[in-house]
Amino acid sequence: MDEKKKSWWERVQKEFGIIFSKFSKLFDRIIYHKTSSIIVSLLASIAICVSVSFDDLRYTFFNSEAATLNVPGVSVEVRADTEKYEITGVPSSVDMTLTGDPADIQAFRNQSNSALVIADLRNFTSGKNVCMLQASNIPSQLTVELNPSSVNVDVIPKLNKTFPIQLSLMVGNGQKESDFESMNSMTKTVMVKATQEKLNSIRMINAIVDTTGQVGDFETEAPLVAYDSSGNRVDVEMNPKTIRVSVKVKTQQNDANKGD
């Protein structure tokens, strides 16, 4: 290498060494300075958080308009021909989740809670069916999710059967059945409408005659109640629901009342 080229290379190395030395001192001054080190640490922390939580930040940035509202225990209304069929399997309430614009969600919360879920079985035939539940009284701009969204239901035909009526005393405090001589009603039978299973479970239909407060002959409307073989009430439709019953007390009690 001639002297001219060697001299040029030495100058380059010298200038580069000066620049590197100044940069190194500046770097040390920033890193080891108290305030500068805090700033550098903060910037590094932000960079790490952004890289680690990018998905969460992206969701926040791009979905800031969405809001969710959970509405538990929304009543379910069954629409069916209950004169002809008994419906089982439909829950009394379900849970609802609404998603949409925050303003629409807030407006829904501020209004009277008229949300309703409908189980429409009017076009279903007898037997086992799957019914899709439908939300009602919800603003169209809100997205609705129901839990459950469908239910398994049984549509069971109702049948009619005639049963004899038995008269039964229900005596009040201080009374006993022997105080009363006889009971009589012009109505002897009742028409019961229910599923075949319920009709088969009925063992008696009682007209319950309440004697509370009665000291003389009287007439009353006695409600009819169906019982199974274990003495439990059976929930059925009856026509009529009550019958007119006349009750006579024993003569001795009548005489005692007159003497008083």
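Residues numbered from 1 in each chain as written. Predicted model: local features only at pLDDT ≥ 70, side-chain atom pairs only at ≥ 80, totals over all residues. Heavy atoms only, no water.

**A few points about the overall build of the protein chain**
When helices and strands are counted, the protein chain shows 6 helices and 15 strands. Relative to its 260 residues, the protein chain shows a buried fraction of 25%. For the protein chain, the exposed surface amounts to about 18100 Å²; the carbon and sulfur share of it is 53%. (Helix = DSSP H or I, 4+ residues; strand = E, 2+ residues; numbered from the N terminus. Buried < 20%, exposed > 50% of the residue type's maximum accessible area, 1.4 Å probe, protein only. Areas by Shrake-Rupley, 256 points an atom, 1.4 Å probe, with all protein chains shown as cover.)

**Considerations on the sheet that holds strand β4 (residues 116-120)**
The sheet built from 5 strands is open, its strands ordered β6-β4-β1-β3-β7 with mixed pairing. Of all the strands in the sheet, just β6 (134-136) and β7 (143-147) have a single pairing partner and so form its edges. Sheet twist, expressed as the average angle between the axes of neighbouring strands with direction ignored, equals 35°. Where β4 meets β6, 3 bridges bridge the pair, whose relative direction is antiparallel. Looking at the pairing, Val117 lines up with Ala135 of β6. (Pairing = 2+ DSSP bridges. Axes fitted to C-alpha atoms, helices over the stretch in contact; angles between N-to-C directions.)

**Notes on the environment of Asn70**
Take Asn70: it is sitting in strand β1 (residues 67-79). Counting along the chain gives 75 residues from Asn70 to Glu145, while the straight-line C-alpha distance between them is 9.6 Å. Residues within four places of Asn70 in sequence aside, it is in contact with Met96 and Thr97. A distance of 3.2 Å separates polar atoms of two side chains, one belonging to Asn70 and the other to Thr97. (Contact = heavy atoms within 4.5 Å. Polar contact = N/O pair within 3.5 Å; in protein donor to acceptor, adjacent residues only side chain to side chain.)

**Thoughts on the pattern of salt bridges**
Overall, the coordinates contain 9 salt bridges when judged by the stated rule. Where Lys128 meets Asp154, a salt bridge forms, and the shortest distance between an N and an O atom there is 3.3 Å. Highlighted residues: Lys128 in strand β5 (residues 127-132) and Asp154 in strand β8 (residues 150-157), separated in sequence by 26 residues. The partner of Glu219 in a salt bridge is Arg244, with the nearest N and O atoms 3.5 Å apart. (Salt bridge = Lys/Arg side-chain N within 4 Å of Asp/Glu carboxyl O.)

**Things to note about the pairing of strand β9 (residues 159-170)**
Strand direction decides the pairing type here: β9 and strand β11 (residues 189-194), joined by 6 bridges, are antiparallel. Each residue of the ladder has a partner; that of Phe163, found in β11, is Val190. Pairing of β9 with strand β12 (residues 204-210) involves 6 bridges; the strand directions are parallel. In the strand pairing of β12, Gln166 is matched with Asn206.

**Remarks on the nonpolar core**
Core analysis: the biggest nonpolar cluster contains 23 residues, and Val190, Val192, Ile202, Ile205, Leu224 and Val236 have the highest contact counts within it. Not counting chain neighbours up to four residues away, the residues in contact with Ile202 comprise Phe163, Val192, Ala226, Tyr227, Val234 and Val236. (Core = buried A, V, L, I, M, F, W, Y, C linked by side-chain atoms within 4.5 Å.)

**Considerations on the side chain of Asn129**
Along the chain, Asn129 turns up in strand β5. A distance of 3.0 Å separates a polar side-chain atom of Asn129 from the backbone oxygen of Gly127. What Asn129 contacts, discounting residues up to four positions off in sequence, is Phe124, Val151, Asn152, Val153 and Val155.

**Regarding unusual backbone geometry**
With an omega of 0°, the peptide bond running from Asn147 to Pro148 counts as cis. Tracing the backbone through its elements, the reader meets Pro148 in the loop between β7 and β8. Here the residue pair Asn239 and Pro240 is connected by a cis peptide bond, since its omega of 5° sits within 30 degrees of zero. Locating Pro240 in the fold gives a position in the loop between β14 (237-239) and β15 (242-249). With phi around 65°, Asn137 is a residue other than glycine that occupies positive phi space. Within the element layout of this structure, Asn137 appears in the loop between β6 and β7.

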